[in-house]
Amino acid sequence: MASLNFIFGLLGNLTTGLVYLSPAKTFWHIVQRRSTEEFESIPYISKLLNAYFWVWYGIVKPNSVLVASVNGFGAALEIIYVIIFLIFAPPMMRGRTAVLAGVCDVVFPGTTVLVTQIFFDRDVQIKVSGFLSLCFSMVAYSSPLSAMKTVVATKSVEYMPFLLSFILFINGAVWTVYAVLTKDLFIGIPNGSGFILGTAQLVLYAMYWKPKSSSMKISDDALEDGWQHERLISADNPEKREG
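The structure presented is a predicted model; accordingly, all values stated were derived computationally and were not measured. (Residues numbered from 1 in each chain as written. Predicted model: local features only at pLDDT ≥ 70, side-chain atom pairs only at ≥ 80, totals over all residues. Heavy atoms only, no water.)

1. Notes on the environment of Leu181
Then step 1. Within the secondary structure, Leu181 sits in helix α8 (residues 162–182).
Then step 2. Taking relative accessible area as the criterion, Leu181 reaches 19% and is therefore assigned buried.
Then step 3. Spatially, the C-alpha atom of Leu181 lies 8.1 Å from that of Leu4, the residues being 177 residues apart in sequence. (Helix = DSSP H or I, 4+ residues; strand = E, 2+ residues; numbered from the N terminus. Buried < 20%, exposed > 50% of the residue type's maximum accessible area, 1.4 Å probe, protein only.)

2. Observations regarding the confidence of the model for the protein
Then step 1. The pLDDT averaged across the protein works out to 83; a share of 86% of its residues lies at or above 70.
Then step 2. Low pLDDT (under 50) marks residues 214–243, which in the prediction has 62 contacts with non-local residues, meaning those over four places away or in another chain. (pLDDT = per-residue confidence, 0-100. Contact = heavy atoms within 4.5 Å.)

3. Considerations on unusual backbone geometry
Then step 1. Despite not being glycine, Arg34 has its phi angle at roughly 55°, a positive value.
Then step 2. Here Arg34 is to be found in the loop between α2 (24–33) and α3 (42–60).
Then step 3. By relative accessible area, which is 61% here, Arg34 ends up exposed.
Then step 4. Its identity as a non-glycine residue notwithstanding, Asn63 has a phi of 60°, on the positive side.
Then step 5. By secondary structure assignment, the location of Asn63 is in the loop between α3 and α4 (65–88).

4. Quick notes on the nonpolar core
Then step 1. With 18 residues, the main nonpolar core has Phe27, Ile30, Tyr44, Tyr81, Val82, Ile84 and Phe85 as its most contacted residues.
Then step 2. Among the elements that line this core, the one with the most residues is α4, at 7 residues.
Then step 3. Those residues within four positions of Val82 in sequence are excluded, and the remaining contacts are Tyr44, Ile45, Thr97 and Ala101.
Then step 4. Core analysis: the second largest hydrophobic core is formed by 14 residues, Phe53, Leu132, Trp175 and Tyr178 among them. (Core = buried A, V, L, I, M, F, W, Y, C linked by side-chain atoms within 4.5 Å.)

5. Structural notes on the environment of Tyr20
Then step 1. Residue placement: Tyr20 occurs in helix α1 (residues 2–21).
Then step 2. Taking the C-alpha atoms as reference points, Tyr20 and Ala51, separated by 31 residues in sequence, lie 9.8 Å from one another.
Then step 3. If sequence neighbours within four positions are ignored, Tyr20 has contacts with Ala51, Val70, Asn71, Gly74, Leu77, Glu78 and Tyr81.

6. Thoughts on the packing of aromatic side chains
Then step 1. One pass over the structure, following the stated rule, counts 16 aromatic pairs.
Then step 2. With a centroid separation of 5.7 Å and an interplanar angle of 5°, the aromatic rings of Phe53 and Phe136 are classed as stacked. Placement of Phe53 in helix α3 and of Phe136 in helix α6 (residues 122–142) is noted, with a sequence separation of 83 residues between them.
Then step 3. Judged by its relative accessible area of 23%, Phe136 is partly exposed. (Phe/Tyr/Trp six-rings, centres within 6.5 Å; stacked < 30°, edge-to-face > 60°.)

7. Observations regarding the UniProt feature "transmembrane region" (unreviewed entry) in the protein
Then step 1. Under the UniProt annotation, "transmembrane region" (unreviewed entry) lies at residues 6–22, 65–87, 99–120, 126–147, 159–181 and 187–208.
Then step 2. Secondary structure content for residues 6–22 is 94% helix and 0% strand, and the end C-alpha separation is 24 Å.
Then step 3. The distance from the first to the last C-alpha atom of residues 159–181 is 35 Å, and the span holds 87% helix and 0% strand. (UniProt positions renumbered as here; feature names shortened; annotations may be inferred.)

8. Let's talk about α8
Then step 1. Given a rise of 1.5 Å per residue, 21 residues ought to cover 30 Å, and the 30 Å separating the end C-alpha atoms of α8 matches this to within 8%.
Then step 2. At the C-terminal side of α8, Lys183 shows a positive phi close to 55°. (Expected span 1.5 Å × (residues − 1).)

9. Overview of the side chain of Glu40
Then step 1. Here Glu40 lies in the loop between α2 and α3.
Then step 2. Classification of Glu40 by relative accessible area gives buried; the value is 3%.
Then step 3. A polar contact is formed between the side chain of Glu40 and the side chain of Ser41, at a distance of 3.5 Å.
Then step 4. A polar contact is formed between the side chain of Glu40 and the side chain of Arg96, at a distance of 2.8 Å. (Polar contact = N/O pair within 3.5 Å; in protein donor to acceptor, adjacent residues only side chain to side chain.)

This is how it looks when you write it as structure tokens:
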């Protein structure tokens, strides 16, 4: 059983690593253009916070090194993404990003970890870190709902890239199996929800996919790295345009 846990944990590391890497081309585009354009920093600030708490959970809970390792990798990537925003964002967005990152990614997690480490035992630390990881993962997994709503409204999958949807589906499935094997509800609940949402995305893709003419085709690279998906998330924020 231990070997099976390790196999699914390792597969989960691979799929989660791909999820964390998916915005890489988006940020390469930002660096090349030297502008964040219409992209919003909030998704990356929240993903960094989520990664922090999963790292903490993987450290305090026994036999969870795989959880800590992949999210440590993800946290490093998200830090790079946030730094790129701070460098290339317009002044107003740069200031807002700095404040949000300072509060959400430094003060809040630092205070939470410090207080629980000082005043509570290991069992409470596991419960607090697991609960916070669960909550922020549920928020992250709910983000594709806006893309799904747009697919239904437009009857087009243009803004829901297949590869990213498929990776999220596989990632949710693998971690759900891992959670069942290890009897870990903190991992199982958000990833089970992600698996269901991923299944729904693939069903929508099958329902509304249509071949595009060459003149209307969106770059496969842009779709695969989640560029259009990130634009859609930022489009839901009425404060996204800072100039």
